Amino acid sequence: MYISRFLTALLLGSCLMLGAASVVAQSAPAPTVTTRQEGGDTIREYRINGHLYAIEIRTASGQAYHLMDHDGNGNFARESGTDIRAPGWVLPPR
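**Q** I tried to follow the overall build of the chain on my own but got confused; where do I start?
**A** Counting secondary structure elements, the chain contains one helix and five strands. Listing every helix and strand of the chain by position from the N terminus yields α-β-β-β-β-β. Put simply, 20% of the contacts in the chain that link residues at least 6 apart link residues at least 24 apart. When the accessible surface of the chain is summed, it comes to about 6,900 Å², and 59% of that surface belongs to carbon and sulfur atoms.

**Q** I keep staring at the packing of aromatic side chains and nothing clicks. Help me out?
**A** Aromatic ring pairs are described here by two measures, namely the spacing of the ring centres and the angle between the planes. Throughout the structure, instances matching the rule amount to one aromatic pair. Against the face of Tyr 65 rests Arg 78, its NZ or CZ located 3.7 Å from the ring centre.

Rules of the game
Residues numbered from 1 in each chain as written. Predicted model: local features only at pLDDT ≥ 70, side-chain atom pairs only at ≥ 80, totals over all residues. Heavy atoms only, no water. Helix = DSSP H or I, 4+ residues; strand = E, 2+ residues; numbered from the N terminus. Contact = heavy atoms within 4.5 Å. Areas by Shrake-Rupley, 256 points an atom, 1.4 Å probe, with all protein chains shown as cover. Phe/Tyr/Trp six-rings, centres within 6.5 Å; stacked < 30°, edge-to-face > 60°. Lys NZ or Arg CZ within 6 Å of the ring centre and 35° of its normal.

Have a look at this one:
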């Protein structure tokens, strides 16, 4: 009796874990990227549902950096690196 309850709980837990993993595995919506030139610099603006959350600036000399709005208040912080991920505040609710 105890073993059958344990196996049932284990099976149910496994199913819940797989379901949760599939939700996490869903990717964020693709951003709309607007590219423009200013002088010799290339500027890319990243938006989801019209909300600007990141700006990539590539200078004429090839240097690149990003400005990210992490909490949706319009204050952008400079970051280095190449990974631009949409912050949670810009993603649509599930």
